[in-house]
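A closer look at the structure
Each chain, letter by letter, is given below.
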Amino acid sequence: RLYPDERKMQDIQSVLGRIILYGDEGDEEIQAGEILGYWITCDDPDEVVYLADQLNQDFFETVQILPDLEDEFAICQPALYISQVFLEPQWRGHSLALESTALYIHFLANHGFIFFSPAPPGVRESPERERQIKRLRRYWRKLGIHHYNPEHNVMWQAGWSYNEWLESQAQRD
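Since we're looking at a predicted model, the values are computed, not measured.

The subject of this paragraph is the overall build of the protein. A tally of regular secondary structure across the protein gives seven helices and six strands. Each helix and strand of the protein, placed in order from N terminus to C terminus, yields the pattern α-β-β-α-α-α-β-α-β-α-β-β-α. Computed over C-alpha atoms, the radius of gyration of the protein comes to 17 Å, within 12% of the 16 Å expected from 2.2 N^0.38 for 173 residues, which places it in the range of a compact globule. Based on the C-alpha atoms only, the size of the protein along its principal axes is roughly 50 × 40 × 30 Å. Each of the 173 residues in the protein was classed as buried or not, and the buried ones make up 41%. A sequence separation of at least 24 residues applies to 66% of the contacts in the protein between residues at least 6 apart. Carbon and sulfur atoms provide 46% of the accessible area of the protein, an area that totals close to 10200 Å². Put simply, the protein has 15 plus and 29 minus side-chain charges, and the middle of one group is 9 Å from the middle of the other.

Turning to unusual backbone geometry, a few remarks are in order. The residue after Gln 77, namely Pro 78, is reached through a cis peptide bond having omega 0°. Here Pro 78 lies in the loop between α4 (70-75) and β3 (79-87). Residue Ser 95 is not a glycine yet carries a positive backbone phi of 65°. Along the chain, Ser 95 falls in the loop between β3 and α5 (96-109). Judged by its relative accessible area of 43%, Ser 95 is partly exposed. The phi dihedral of Asn 153 falls on the positive side, at around 55°, and the residue is not glycine. Its location among the elements puts Asn 153 in the loop between β5 (147-149) and β6 (154-158).

This part is about the pattern of salt bridges. The tally for this structure, following the rule as stated, stands at one salt bridge. A salt bridge links Glu 29 to Arg 18; the shortest N-O distance between them is 3.9 Å. Here Glu 29, found in strand β2 (residues 29-40), pairs with Arg 18, found in strand β1 (residues 12-22); they are eleven residues apart in sequence, far enough to count as distant.

All right, on to the sheet that holds β3 then. Taken in spatial order, the six strands line up as β1-β2-β3-β4-β6-β5 in an open sheet, and their pairing is mixed. Sheet topology places β1 and β5 at the edges, where each strand pairs with a single neighbour. Strand-to-strand, the axes of this sheet are offset by a mean angle of 25°, without reference to chain direction. Here β3 pairs with strand β4 (residues 113-116) via three bridges, running parallel. Residue Tyr 81 lies in a different strand from β4, and its bridge partner there is Phe 115. Those strands touched by α5 are β1, β2, β3 and β4, and its axis lies near 150° from that of β3. The strands touched by helix α6 (residues 127-141) within the sheet are β3, β4, β5 and β6, with β6 carrying the most contacts at an inclination of about 15°.

On the surface, Asp 43, Asp 44, Asp 46, Glu 70 and Asp 71 cluster together to form a negatively charged patch. Among the secondary structure elements, Asp 71 is positioned in helix α4.

This part is about the pairing of β2. Regular strands show a simple pattern: their side chains alternate between the two faces of the sheet. Note: β1 against β2, eleven bridges, orientation antiparallel. Directly across from Ile 20, in β2, lies its bridge partner Gln 31.

Scoring rules and cut-offs
Residues numbered from 1 in each chain as written. Predicted model: local features only at pLDDT ≥ 70, side-chain atom pairs only at ≥ 80, totals over all residues. Heavy atoms only, no water. Helix = DSSP H or I, 4+ residues; strand = E, 2+ residues; numbered from the N terminus. Rg over C-alpha atoms; globule rule 2.2 N^0.38 Å. Buried < 20%, exposed > 50% of the residue type's maximum accessible area, 1.4 Å probe, protein only. Contact = heavy atoms within 4.5 Å. Areas by Shrake-Rupley, 256 points an atom, 1.4 Å probe, with all protein chains shown as cover. Lys, Arg positive; Asp, Glu negative; His and termini not counted. Charge placed at Lys NZ, Arg CZ, Asp CG, Glu CD. Salt bridge = Lys/Arg side-chain N within 4 Å of Asp/Glu carboxyl O. Pairing = 2+ DSSP bridges. Axes fitted to C-alpha atoms, helices over the stretch in contact; angles between N-to-C directions. Patch = residues over 30% accessible without salt bridge, like charges linked within 9 Å, V, L, I, M, F, W, Y side chains within 5 Å.

What follows is the structure, given as structure tokens:
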């Protein structure tokens, strides 16, 4: 078995963010969910594809698009792949996912390259899956992630900024 060079593997780090709410008194912590992503400091898309193959199948399938987006990807470093955003059922529908994901991106890769699959890779093609992808694409566009490649089922945005997102939210309200 081949093991990737540990120095190269440091170019991709798994980062878990917890979504914490506080009780009315401010003393009780409630974990409402979590966000999992990969923070990428390597600016060579081919190297990222190689390293992703060693880490996670969904991540590997998604990064296949990076060589096609090489200019945007290499210029807007660091990059962030959002693997999962999970909220406990009782906290869904309160805009927590968007706000929490915006803060997660802000702390990790503000002005960087952000990408993810709006629907999990590897799910069997069906009309229901296509409806789900369209619904999730509309949802994630609210976060300011506008580019989409249907062949790879990947959304991305280069140079995303928390401040710009906040301004667009204020205009929307």
